[in-house]
Amino acid sequence: MSFAWAKQYEPKTPFTKWMDEKLPLPRLVYSAIGAGYPVPRNLNYMWNFGVLAGFFLVLQIVTGVVLAMHYAANTEVAFAQTEHIMRNVNYGWLMRYAHANGASFFFIVIYLHIFRGFYYSSYKAPREMIWLLGVVIFLLMMATAFMGYVLPWGQMSFWGAKVITSLFGAIPLVGEPLQTWLVGGFAPGNSALNRFFSLHFLLPFVIAGVVILHIWALHIPGSSNPTGVEVKKESDTIPFHPYYTAKDGFGLGVFLILFAIMLFFLPNTLGHPDNYLEANPLSTPAHIVPEWYFYPFYAILRAFTGDLALFGVTIIPAKLLGVIAMFASILVWFFLPWLDKSPVRSGHYRPLFKKFFWFGLIPCMLALFYLGGAKPEEPFISLSQIATAYYFLHFLVILPIVSQIEIPKPLPFSITEAVLGKDDDGAAQPAE
Amino acid sequence: MASTVDGTAEGTEDGVRRRDWIHIAALSTAGVGGASVIIPLVSQMAPTADTLAASTTDVDVSAIEPGQSIKAVFRDQPLFVSRLTEESIAEAQADDGVQMRDPETLAERLGEGNADLLIQIGVCTHLGCVPLGAIEGEDKGEYDGYFCPCHGSHYDVAGRIRKGPAPLNLVIPEFEFANESVVRVG
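Just so we're clear, the structure is a prediction, and the values are computed from it rather than from any experiment.

## Points about the domain arrangement of chain A
All names here are of chain A. Taken domain by domain, chain A holds domain 1 (1-32) and domain 2 (37-424). Centre-to-centre separation of domain 1 and domain 2, based on C-alpha positions: 35 Å. The interface is formed by eight residues belonging to domain 1 together with 10 residues belonging to domain 2. Its residues assigned to classes, the side of domain 1 that touches domain 2 comprises five nonpolar, two polar and one charged.

Written out as structure tokens, the structure is:
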């Protein structure tokens with residue numbers, strides 16, 4: 001693990017020496033996120049979001065455990081119990097608003113983390129495993145967030161549960177029995193609420209476990225960096241502590257200010273008023289949408305309004321098409337390390353890729369974010385279809401072709417040269 | 001056991017060790033035991049006995065005038081019971097021959113011996129929302145029937161899917177007339 005010049009942990013007091021012999025946990029921490037982990041010296045603020053994501057995971061677990069102490073997973077009382085937390089429990093409002101807005105901030109941070117990966121091709125060898133584990137974490141987060149949103153048993157909770165579990169009904173043959181099995185009834189009720197509560201409590205700890213694997217896999221090649229040039233020698237790196245603990249600490253401060261603004265002044269802005277109505281299985285709210293962080297995938301789901309037919313025979317019905325596309329839109333990320341064939345990592349040095357990133361993928365994602373929250377009517381349906389088509393085109397066609405035909409800009413010899421403008425080692429060697 | 005007659009290594013015979021048997025037996029037993037634990041773990045997720053017990057619903061339809069609908073509850077889901085007007089029947093029958101995603105005539109949907117009482121589960125066949133249109137004043141969609149606000153499926157006056165992502169017509173549950181005025185659904 002890590003580079004040859006990484007500093008080793010040296011216990012100084014008798015206690016730490018004793019501890020190091022019995023359970024070298026301080027040594028592990030020192031080498032993982034301390035002064036013993038050498039990190040490229042040129043990381044910019046886009047490299048803050050891993051630590052920020054870790055912070056919000058801890059925040060969610062802490063506030064979540066507290067909320068679970070006051071909540072009751074029963075359809076008779078869940079809605080009232082949520083209001084009980086808001087009105088009667090000491091600081092209950094703070095815990096619940098921090099948990100709800102914390103989920104949104106967790107997703108903001110994760111989306112920035114993922115798009116950092118897209119731009120700097122962080123998914124490329126030798127870091128494929130880090131990327132794959134990251135996609136797994138994202139899928140687990142989506143499942144956890146969805147189940148958490150059901151717990152207050154408001155209108156959006158209920159209808160979100162209904163719609164999402166109905167997705168599984170689209171699967172041929174086994175769909176309907178599978179859906180009944182998942183919710184434990186013909187429609188979401190007590191069985192569904194209880195199992196969602198149980199899983200909502202469990203999954204964050206599964207996420208924490210996969211996060212440990214994610215960081216473990218990261219420490220084998222070490223962090224990537226904005227040039228995409230691998231670390232060659234000690235002058236390319238600085239120790240994680242104190243340099244990046246300080247930089248991440250600053251970024252965390254900035255994010256906590258934004259978080260506090262949302263939490264204390266706009267706590268319901270990212271939510272939906274309909275969720276303050278108790279669940280009513282007989283009436284669907286006029287405009288049901290998921291939480292904002294699911295909008296792009298919801299837009300893709302809704303974009304399929306016609307069957308895939310050949311000579312008038314339906315091959316795949318529209319409903320199944322939408323479900324397949326929605327899952328595929330995330331599963332395609334698993335294949336990124338092999339779809340992008342360019343040997344150059346960083347978008348800085350990839351002129352054509354960079355154009356498609358800023359003028360293709362980013363506007364497409366922003367459009368999907370908007371369209372997922374829009375009403376299912378024209379022109380939004382057609383726009384969703386265009387954006388969905390571009391989304392898949394980007395990953396499956398544009399990215400592989402661009403990565404083969406573009407001529408990248410010359411890379412710096414080393415990270416040291418990129419930072420200082422010169423590298424004596426590089427000057428001594430003939431250009432490659 | 002001592003070496004075998006042909007002098008192969010101790011305890012083996014044609015490369016098969018006596019201990020292989022106990023390995024296979026132990027792992028098979030553990031495997032079957034482990035697999036059988038999955039049955040209760042999976043099955044506990046299925047609907048409970050009391051959920052399955054509430055499987056029929058009686059609906060009094062005597063008070064429904066032509067053009068009116070009521071919402072009842074059947075297996076935790078909304079049930080639309082509507083008495084069609086003559087105009088609606090004519091409109092639905094006129095469309096019987098039109099190409100549809102899930103072709104059905106109005107007569108097939110009403111069932112034998114039932115002239116005008118349309119009984120449907122009020123759940124969009126796309127992703128399970130309750131379509132609008134059963135209650136006076138709600139959006140009836142482009143085909144003057146039902147409109148699902150979630151993903152924009154349009155059903156006609158007979159509950160047949162005409163536009164949007166839903167794959168099937170609104171589901172007609174099994175039902176029978178218990179007497180003149182009561183329908184037993186389920």
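## Regarding the interface of chain A and chain B
Contact with chain A, which involves 32 residues of that partner, is made by 25 residues of chain B. Elements with a contribution of two residues or more to the side of chain A that touches chain B: helix 7 (155-168), helix 8 (175-183), helix 9 (190-219) and helix 12 (318-331) of chain A. A class-by-class count of the residues in the side of chain A that touches chain B yields 15 nonpolar, 11 polar and six charged.

## Quick look at the nonpolar core
Counting 103 residues, the largest nonpolar core has Ala53, Phe56, Phe106, Val109, Leu151 and Leu193 of chain A together with Cys129 of chain B as the members making the most contacts within it. No other element matches the 12 residues that helix 5 (residues 92-119) of chain A contributes to this core. Excluding anything up to four places from it in sequence, valine 109 of chain A contacts Phe49, Leu52, Ala53 and Phe56 of chain A.

## Thoughts on the packing of helix 6 (residues 128-150) of chain A against helix 7 of chain A
All names here are of chain A. The contact between helix 6 and helix 7 brings their axes to 7 Å, and the two run at 135 degrees. In terms of orientation, helix 6 and helix 7 fall into the oblique class. Seen from helix 6, the contacting residues are Phe146, Tyr149 and Val150; seen from helix 7, they are Ser157, Gly160, Ala161 and Ile164. Partitioned by chemical class, the residues of the contact of helix 6 with helix 7 number five nonpolar, two polar and no charged.

## Examining the domain arrangement of chain B
In many analyses, interface size is given as the accessible surface area lost on bringing the parts together. By domain assignment, chain B separates into domain 1 (1-46) and domain 2 (51-185). One C-alpha centre belongs to domain 1 of chain B, the other to domain 2 of chain B; they are set 59 Å apart.

## Examining the environment of serine 28 of chain B
All names here are of chain B. By the secondary structure assignment, serine 28 is in helix 1 (residues 18-43). You can call serine 28 exposed: it has 10 C-beta atoms within 10 Å. Each C-alpha atom, one on serine 28 and one on proline 131, is 52 Å from the other, the two residues being 103 residues apart in sequence.

## What to know about the sheet that holds strand 10 (residues 175-177) of chain B
By definition, the strands of a sheet pair up through backbone hydrogen bonds, in either a parallel or an antiparallel sense. Residues and elements named next belong to chain B. With antiparallel pairing, three strands are arranged side by side in an open sheet as 3-11-10. Two strands bound the open sheet, and with one partner strand each, they are strand 3 (57-60) and strand 10. Each neighbouring strand pair of the sheet contributes to a mean axis angle of 25 degrees, computed without reference to strand direction. As defined by bridge partners, strand 10 adjoins strand 11 (residues 182-185) across three bridges and the pair is classed as antiparallel. Bridge pairing in strand 11 places phenylalanine 175 opposite valine 185.

## Points about the pairing of strand 7 (residues 144-148) of chain B
All names here are of chain B. With four of its five residues buried, strand 7 lies for the most part within the structure. Bridging between strand 7 and strand 8 (residues 153-156) involves four bridges; their strand directions are antiparallel. Residue pairing across strands places cysteine 148 opposite serine 153, the latter belonging to strand 8. Between strand 7 and strand 8, which pair antiparallel one after the other, the connecting turn spans four residues, and glycine 152 there sits at a positive phi close to 75 degrees.

Rules behind the numbers
- Residues numbered from 1 in each chain as written.
- Chains lettered and ligands numbered in written order.
- Predicted model: local features only at pLDDT ≥ 70, side-chain atom pairs only at ≥ 80, totals over all residues.
- Domains from an automatic or database assignment.
- Contact = placed C-beta atoms within 7 Å.
- Nonpolar A, V, L, I, M, F, W, Y, C, P; charged D, E, K, R; others polar.
- Helix = DSSP H or I, 4+ residues; strand = E, 2+ residues; numbered from the N terminus.
- Core = buried A, V, L, I, M, F, W, Y, C linked by C-beta atoms within 7 Å.
- Buried ≥ 20, exposed ≤ 12 C-beta atoms within 10 Å, placed from the backbone.
- Axes fitted to C-alpha atoms, helices over the stretch in contact; angles between N-to-C directions.
- Parallel < 35°, antiparallel > 145°, perpendicular 65-115°, else oblique.
- Pairing = 2+ DSSP bridges.

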